[in-house]
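# Coordinate inspection notes
Each chain is listed here by its residues.
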Amino acid sequence: MNVDTISDFLADQRDEAPEELQPLVLEFETLWERKLWHQLTNQLIEFFNNPGSAPQRLQFYKVFILKFADKINQLKLVDLALKAATQCRDNQERLSFMEAVVKKVDHEDSQDALVFATIAVARVKLDLEDLDGARKDLDRAEKVLDGFDSVETIVHAAFYGANADYYQAKMDFGSYYRNALLYLACIDIKSLNPVERRNRAYDLSIAALVSTSIYNFGELLLHPILGALEQKEEGKWLRDLLFAFNRGDLAAYDVLAGHISSNPLLAKHSRQLREKIYLAALTEAVVRRPPHDRAMTFDTIAAETKVRPDEIEHLIMKALSLGLLRGTIDQVDEVAHINWVQPKVLDMKQIGNMRERLLDWDSSVNQLGNWIEGVGQDVWAA
């Protein structure tokens, strides 16, 4: 396509563009003629970011951008292609379009762009429910990513976001939880609209509760995304449930348990949730005790956790196997000797309990000091 044809194309597109975007389109031709590729790329990104450009993006990419695609930043080229792909008729057309983009940026010096485009292909395959194909693309992208010393945050965000969606589709809640949190670590959550923030917080909370590998919700409880659940009543109980698990609060769990049936996944895993709250109650009972007083009889544990006496040994063994506690069990005397408990985030009530323990410890130290001073008076005098 020669310069005159490009000029005609841009003139036609300028006439079709919303009035506020027409000056941008007019500037495209000047930058094109002067071969100012960096400035042209930035102007195109500004144009594509405007919702009013949506109907024109695909044509702009195919007719205009591809003419100088090799001369611009390849990561930005993929970004423009992704925005253009939103205008494809269906997922099948979008898949073909993005596969062509992958081939376009498959060069030794543009591996970050290749990863970015490959992840986009995997995302389309997820939409098409081709989970095996998506997994292969994500594994390929991860292999290249692992070889980078550094890469743009946008690429990592895309990878963790797509990976999280894959694991959610596979019902692998632990892997979804970890990848979704990594995705949030790569973005500004303000870039998500309120519905997206609420959905992400809700899905993360459900995954944390039903996962068989997550027993410490500290990272989620401290994340600002969780605040999105407070905006609607149906989210508040879920947030309260997470905090009840964190502090092993059986009474609060029983109050909130009525909401569990409202979510099919929670309802399906209700027995597992009950076991999880028992484990949380056990670890909390250990935390509340001073380190020198963590030899707990089975009867004491049964009273603290509300678990039947004949199930106490199994509960302790489960906590030990999961790494929530460390210690030994005296099966003859029915005593658990605990010497370590997994650290976790504390709420204000738990911090208050810890403060009381510190005050008790301070008082004990003072008493010991006074006793030594009294008993050893003659020695000190000598």
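Just above, that's the structure.
Residues numbered from 1 in each chain as written. Predicted model: local features only at pLDDT ≥ 70, side-chain atom pairs only at ≥ 80, totals over all residues. Heavy atoms only, no water.

## What about the sheet that holds strand β3 (residues 335-341)?
The three strands lie next to each other as β1-β3-β2, forming an open sheet whose pairing is antiparallel. The outermost strands of the open sheet, each flanked by one partner alone, are β1 (295-297) and β2 (325-330). Neighbour-to-neighbour, the strand axes of the sheet open up by a mean angle of 25 degrees, direction not taken into account. The pairing of β2 with β3 spans six bridges and is classified as antiparallel. From the neighbouring strand, aspartate 330 faces β3, where its bridge partner is valine 335. Against the sheet, helix α16 (residues 270-288) engages β1, β2 and β3, with an angle of about 80 degrees to β3. Against the sheet, helix α18 (residues 312-321) contacts β2 and β3, and its axis sits at roughly 145 degrees relative to β2. (Pairing = 2+ DSSP bridges. Helix = DSSP H or I, 4+ residues; strand = E, 2+ residues; numbered from the N terminus. Axes fitted to C-alpha atoms, helices over the stretch in contact; angles between N-to-C directions. Contact = heavy atoms within 4.5 Å.)

## Comments concerning empty space enclosed by the protein
Enumeration according to the criterion identifies two cavities of 30 Å³ or more in this entry. Size it by volume and the largest cavity reaches roughly 180 Å³. What lines the largest cavity is a set of 14 residues, among which Tyr215, Asn216, Ala280, Thr283 and Lys344 lie closest to the centre. Taken together, the elements giving at least two residues each to the lining of the largest cavity come down to α13 (233-246) and α16. (1 Å grid on protein atoms, 1.4 Å probe; cavity = no way out; pocket = protein on both sides within 12 Å on 5 of 7 lines; lining within 4 Å. Points joined across faces, edges and corners; volume = space filled by probe spheres on them.)

## Observations concerning unusual backbone geometry
Although it is not a glycine, glutamate 129 adopts a positive phi angle of roughly 65 degrees. You can see glutamate 129 is positioned in the loop between α7 (111-127) and α8 (131-146). Look at glutamate 129 and you get exposed, because its relative accessible area is 68%. The residue glutamate 334 is not glycine, and still its phi comes out positive at about 55 degrees. By secondary structure assignment, the location of glutamate 334 is in the loop between β2 and β3. (Buried < 20%, exposed > 50% of the residue type's maximum accessible area, 1.4 Å probe, protein only.)

## Some words on the pattern of salt bridges
On inspection of all chains with the given rule, the structure shows 15 salt bridges. A salt bridge links arginine 89 to glutamate 93, with the shortest nitrogen-to-oxygen separation between them at 3.4 Å. Given a relative accessible area of 72%, arginine 89 falls into the exposed group. Across the pair aspartate 165 and arginine 123 runs a salt bridge, and its minimum N-O distance is 2.5 Å. With aspartate 165 in helix α9 (residues 153-169) and arginine 123 in helix α7, the pair connects residues that are 42 residues apart, well separated along the chain. Taking the relative accessible area as the measure of exposure, aspartate 165 reaches 24% and is therefore partly exposed. You can call arginine 123 partly exposed: its relative accessible area is 33%. Each of Lys125, Asp137 and Arg140 takes part in one network of salt bridges that share partners. (Salt bridge = Lys/Arg side-chain N within 4 Å of Asp/Glu carboxyl O.)

## Some thoughts on the packing of aromatic side chains
Using the criterion set out here, one finds 17 aromatic pairs in the structure. Measuring from centroid to centroid gives 5.1 Å for phenylalanine 64 and phenylalanine 68, while their planes differ by 75 degrees, and the two rings are edge-to-face. Using a relative accessible area of 0% as the deciding quantity, one classes phenylalanine 64 as buried. Note on phenylalanine 217 and phenylalanine 245: the rings are 6.2 Å apart at their centroids and 55 degrees apart in plane angle, and the pair reads as tilted. Linking phenylalanine 217 in the loop between α11 (194-210) and α12 (218-221) with phenylalanine 245 in helix α13, this pair joins segments that are 28 residues apart in sequence. The rings of Phe9, Phe28, Trp32, Trp37, Phe47, Phe48, Phe60, Phe64 and Phe68 are connected pair by pair, giving a single aromatic cluster. Directly above the ring of tyrosine 166 sits arginine 135, whose terminal nitrogen or CZ lies 4.6 Å from the centroid. Over the aromatic face of tyrosine 215 sits the side chain of lysine 276, whose NZ or CZ is 5.1 Å from the ring centroid. (Phe/Tyr/Trp six-rings, centres within 6.5 Å; stacked < 30°, edge-to-face > 60°. Lys NZ or Arg CZ within 6 Å of the ring centre and 35° of its normal.)

## Observations concerning the packing of helix α17 (residues 298-305) against α18
Relative orientation of the contacting elements α17 and α18 amounts to 80 degrees, with a least axis distance of 10 Å. If you check the angle between α17 and α18, you find them roughly perpendicular. Seen from α17, the contacting residues are Phe298, Ile301, Ala302 and Thr305; seen from α18, they are Ile312, Glu313, Leu315 and Ile316. Tallied by class, the residues present in the contact of α17 with α18 amount to six nonpolar, one polar and one charged. (Parallel < 35°, antiparallel > 145°, perpendicular 65-115°, else oblique. Nonpolar A, V, L, I, M, F, W, Y, C, P; charged D, E, K, R; others polar.)

## Notes on a negative patch on the surface
On the surface, Asp8, Asp12, Asp15 and Glu16 cluster together into a patch of negative charge. Examined against the element boundaries, aspartate 15 turns out to sit in helix α1 (residues 3-16). (Patch = residues over 30% accessible without salt bridge, like charges linked within 9 Å, V, L, I, M, F, W, Y side chains within 5 Å. Areas by Shrake-Rupley, 256 points an atom, 1.4 Å probe, with all protein chains shown as cover. Lys, Arg positive; Asp, Glu negative; His and termini not counted. Charge placed at Lys NZ, Arg CZ, Asp CG, Glu CD.)

## Thoughts on the environment of glutamate 99
Structurally, glutamate 99 can be placed in helix α6 (residues 91-104). Spatially, the C-alpha atoms of glutamate 99 and threonine 118 are 7.8 Å apart, while their sequence positions differ by 19 residues. Contacts of glutamate 99, omitting those with residues within four sequence positions, involve Val121 and Lys125.

## Details of the layout of surface pockets
Approximately 790 Å³ is the volume attributed to the largest pocket. Lining the largest pocket are 27 residues, with Arg123, Ala158, Gly161, Asp165 and Tyr183 sitting closest to its centre. Within the residue set of the lining of the largest pocket, elements represented by two or more residues are α5 (74-85), α6, α7, α9 and α11. Grouping the constituent residues of the lining of the largest pocket by class yields 15 nonpolar, five polar and seven charged.

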